Amino acid sequence: MLFNIHSLEWDKQLCEFFGIPMEILPNVRSSSEIYGLMKAGALEGVPISGCLGDQSAALVGQMCFQIGQAKNTYGTGCFLLCNTGHKCVFSDHGLLTTVAYKLGRDKPVYYALEGSVAIAGAVIRWLRDNLGIIKTSEEIEKLAKEVGTSYGCYFVPAFSGLYAPYWEPSARGIICGLTQFTNKCHIAFAALEAVCFQTREILDAMNRDCGIPLSHLQVDGGMTSNKILMQLQADILYIPVVKPSMPETTALGAAMAAGAAEGVGVWSLEPEDLSAVTMERFEPQINAEESEIRYSTWKKAVMKSMGWVTTQSPESGDPSIFCSLPLGFFIVSSMVMLIGARYISG
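Residues numbered from 1 in each chain as written. Predicted model: local features only at pLDDT ≥ 70, side-chain atom pairs only at ≥ 80, totals over all residues. Heavy atoms only, no water.

Draft legend 1. Highlighting the overall build of the chain. When helices and strands are tallied, the chain shows 10 helices and 13 strands. Buried positions account for 45% of the 346 residues belonging to the chain. Roughly 17,500 Å² of accessible area belongs to the chain as shown, and the carbon and sulfur atoms make up 58% of that amount. (Helix = DSSP H or I, 4+ residues; strand = E, 2+ residues; numbered from the N terminus. Buried < 20%, exposed > 50% of the residue type's maximum accessible area, 1.4 Å probe, protein only. Areas by Shrake-Rupley, 256 points an atom, 1.4 Å probe, with all protein chains shown as cover.)

Draft legend 2. Here's a closer look at the sheet that holds strand β12 (residues 241–244). Taking strand neighbours across the sheet as the criterion, the 7 strands line up as β7-β8-β6-β5-β11-β12-β13 in an open arrangement whose pairing is mixed. Across the chains shown, the open sheet's two edge strands, defined by having one partner strand only, are β7 (96–101) and β13 (279–282). Taken over all neighbouring pairs, the strand axes of this sheet differ in orientation by 30 degrees on average, direction set aside. With 7 bridges connecting them, strand β6 (residues 78–85) and strand β8 (residues 110–117) associate as antiparallel partners. Bridge pairing links Cys 82 to Leu 113 in β8. (Pairing = 2+ DSSP bridges. Axes fitted to C-alpha atoms, helices over the stretch in contact; angles between N-to-C directions.)

Draft legend 3. Structural view of unusual backbone geometry. In this structure, the amide linkage connecting Ala 164 to the following residue, Pro 165, adopts the cis form with an omega of 0 degrees. Note that Pro 165 resides in the loop between β9 (154–156) and β10 (174–176). The backbone of Leu 8 sits at a positive phi, close to 60 degrees, despite the residue not being glycine. With respect to the helices and strands, the residue Leu 8 is situated in the loop between β1 (3–4) and β2 (9–10). Judged by relative accessible area, Leu 8 falls into the partly exposed class, the value being 23%.

Draft legend 4. Examining helix α8 (residues 288–305) more closely. Between its terminal C-alpha atoms α8 stretches 26 Å, which fits the 26 Å expected from 18 residues at 1.5 Å a residue. Among all positions of α8, only Ser 291, Arg 294, Tyr 295, Trp 298, Ala 301, Val 302 and Ser 305 are buried. Considered in projection along α8, the buried side chains sweep an arc of 115 degrees and stay on one side of the axis. Among the exposed residues of α8, those oriented more than 90 degrees off its buried face are Glu 289, Lys 300 and Lys 304. (Expected span 1.5 Å × (residues − 1). Arc of directions from axis to C-beta.)

Draft legend 5. Quick look at the pattern of salt bridges. All chains considered together, the criterion is met by 10 salt bridges. A salt bridge links Glu 280 to Lys 227; the shortest N-O distance between them is 2.7 Å. Taken as a pair, Glu 280 in strand β13 and Lys 227 in helix α6 (residues 227–237) lie far apart in primary sequence, 53 residues in all. Residues Arg 294 and Glu 290 are paired through a salt bridge, measuring 3.3 Å at the closest nitrogen-oxygen approach. In this pair, Arg 294 and Glu 290 are both assigned in helix α8, 4 residues apart and thus about one turn of the helix distant. Taking the relative accessible area as the measure of exposure, Arg 294 reaches 15% and is therefore buried. Take Glu 290: its relative accessible area is 34%, and that puts it in the partly exposed class. (Salt bridge = Lys/Arg side-chain N within 4 Å of Asp/Glu carboxyl O.)

Draft legend 6. Fine view of the state of the cysteines. Summed over all chains, the structure comprises 0 disulfides. Not engaged in a disulfide, the cysteine Cys 64 finds its nearest cysteine sulfur in Cys 82; these two sulfurs lie 8.5 Å apart. We classify Cys 64 as buried; its relative accessible area is 0%. (Disulfide = S-S within 2.5 Å.)

Draft legend 7. The packing of helix α3 (residues 121–131) against helix α5 (residues 184–210), seen in detail. Look at α3 against α5: their axes get within 9 Å of each other, and the N-to-C directions meet at 160 degrees. Here α3 lies roughly antiparallel to α5, going by the angle between them. The crossing of α3 and α5 is right-handed. Across the interface between the two elements, Val 123, Ile 124 and Leu 127 from α3 touch Ile 187, Ala 188, Ala 191, Leu 192 and Val 195 from α5. Class assignment for the residues of the contact of α3 with α5 results in 8 nonpolar, no polar and no charged. (Parallel < 35°, antiparallel > 145°, perpendicular 65-115°, else oblique. Left-handed = near helix turned anticlockwise from the far one by under 90°. Contact = heavy atoms within 4.5 Å. Nonpolar A, V, L, I, M, F, W, Y, C, P; charged D, E, K, R; others polar.)

Next comes the structure, spelled out in structure tokens:
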């Protein structure tokens, strides 16, 4: 929160605001250059030459080097990044603007729009550990496959508020649309749908901000092994979902940055040198009208989840609620006003 993504330097005004002397901060380097050598052990003398955050590394590992290419990583949460090229695109729809990568000291910087979903794989863990309707995370696919529908049940897993595009800390999780016929299989199916609906909301926000609708979505992360989830995602987005055969795209991206560094040169990132990656492709299998009906019902459920925690609510006085919110939630909330005021005035 001290870095100026335009000048690519530590921001003097922000450092002064937080009382941090700029001289104690490390030098800013690109994502791909030799920073130093290993000094001991089996790797002694090997250069350290790649440095990428996990989501940027996945973007590189998915080879999303063209403007408009996007990837979604399904882990405990979901993180969707879209490459916006050399241009900073500021979101009007609740997304964050970030540096994607700068693959070399003299190479241009690339930016991205990022949207995050707080609860993705975590909802499966909640069904296992809190409700006990499954014994292992893998069982969720079997339960969902038994019914093939949520039977009108919708699950909004806003356990610690809603992240992008709402940024609504007052929301709490709800399961609605229940009937006497609803069983654990329908709830399992609704939990998987919830991950897909939340991704759709971020993707819609990106399409509006960028002005160019995505033609397909590239995916990675542990949850992508769930074929029911991947098919649901294609149906709800109504675009193809593409999964690489190489699952560890984050590690791959970091390796690509390290191998492409000047002085290492064991990996070329030029378009003509990048080999084609084997992909598994999931095409939408429902019609567009059904997809939109399900999505609009989901949005209705999201509206019902908001406003649960108020100043009058007994829950609002419980400090454990605030402990459940990630630190980044508070940082983003406070910094939006500060940074927004800075760039509006400047």
